[in-house]
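A closer look at the structure
Each chain, written out:
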Amino acid sequence: MSRVQLALNVSNIDQAVEFYTRMFGVGPAKRRPGYANFAVALPPLKLVLIETADGRGEGPAGALNHLGVEVESTEQVSAATARLSAEGLATSVQDATTCCYAVQDKVWVHDPDGAPWEVYTVLADAPAEQDLGCGPGDACAPGARGMDLHDVPAVAECQVLAAAGTGRSGCC
């Protein structure tokens, strides 16, 4: 079996285990003091959580932009939205949003340390001039120019203004 491994620093292992159990619908495969790993079947993922006093801290850990699970359809995004909401997680839905050179339907949640997760589907390719940049160094990226990473509606407004060809946006 092949799968991606993602190792995250977390500030509170218990809160993180609770969140990721809800997020993926499966409990940890291994749990030790300050450590947990999950063997998620769908999507194929080995998720490792490591408790650190600083949470995400500096250096490579600070390079995290956002995390995501790509699904095949808008119906699957809707199902994920319903499941995550039923688990008591705060969700933010974006329909037909342009990001990272693609038009996407998506739902966002945040883990206990604030890492943004999206469940999304790609509806269509988008021309480069409509890309608003989802990367950490891009001017319209969440977190850029003081924009709060958790303020998904502000990010969406930024995208709408830029895509409308106004030459300006709420964040750039």
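The structure we're discussing is the one just above.
Residues numbered from 1 in each chain as written. Predicted model: local features only at pLDDT ≥ 70, side-chain atom pairs only at ≥ 80, totals over all residues. Heavy atoms only, no water.

1. Section: the environment of Thr52
Counted only if it meets this: What counts as a helix is a DSSP run of H or I of at least four residues, what counts as a strand is a run of E of at least two, and both are numbered from the N terminus. We call two residues in contact whenever any of their non-hydrogen atoms come within 4.5 Å of each other.
For Thr52, the location among the structural elements is in the loop between β4 (45-51) and β5 (67-70). Separated by 17 residues in the primary sequence, Thr52 and Tyr35 have C-alpha atoms spaced 9.6 Å apart. In contact with Thr52, other than residues within four places in its own chain, are Asn9, Val10 and Ser11.

2. Quick word on unusual backbone geometry
In this chain, Leu42 is followed by Pro43 through a cis amide linkage whose omega measures -5 degrees. For Pro43, the position within the fold is in the loop between β3 (35-40) and β4. Its identity is not glycine, yet Ala96 carries a phi of approximately 50 degrees, on the positive side. Its place among the elements puts Ala96 in strand β6 (residues 92-99).

3. As for helix α1 (residues 13-24)
Cut-off, in case you're wondering: Here a helix's expected span is defined as the number of its residues, less one, multiplied by 1.5 Å. Type-normalised accessible area, obtained with a 1.4 Å probe on protein chains alone, sets the label of each residue: buried when under 20%, exposed when over 50%, and partly exposed for intermediate values. Arc, as used here, means the arc of the directions from the helix axis to the C-beta atoms. Polar contact criterion, stated in full: a pair of N or O atoms within 3.5 Å, where within protein one must be able to donate a hydrogen and the other to accept it, and residues adjacent in sequence count only if both atoms are side-chain atoms.
Along its twelve residues, α1 runs 16 Å from first to last C-alpha, staying within 8% of the 16 Å computed at 1.5 Å per residue. Of the positions making up α1, those classed as buried are Ile13, Ala16, Val17, Phe19, Tyr20, Met23 and Phe24. Along the axis of α1, the buried positions cluster into a sector of 165 degrees, meaning they face one direction only. Capping the start of α1 is the job of one residue whose side-chain oxygen sits 3.0 Å from the backbone nitrogen of Asp14: Asn12.

4. Description of the pairing of strand β7 (residues 102-110)
We count it as follows: By definition, two strands form a pair when at least two bridges between them are found by DSSP.
Most of β7 sits inside the fold, with eight of its nine residues counted as buried. Between β6 and the antiparallel strand that follows it, β7, lie two residues; Cys100 among them carries a positive phi value of about 55 degrees. Judged from the nine bridges that link them, β7 and strand β8 (residues 116-125) form a sheet pairing that is antiparallel. Across the sheet, Val109 pairs through a bridge with Trp117, a residue of β8.

Remember that the coordinates give geometry; whether it matters functionally is a separate question.
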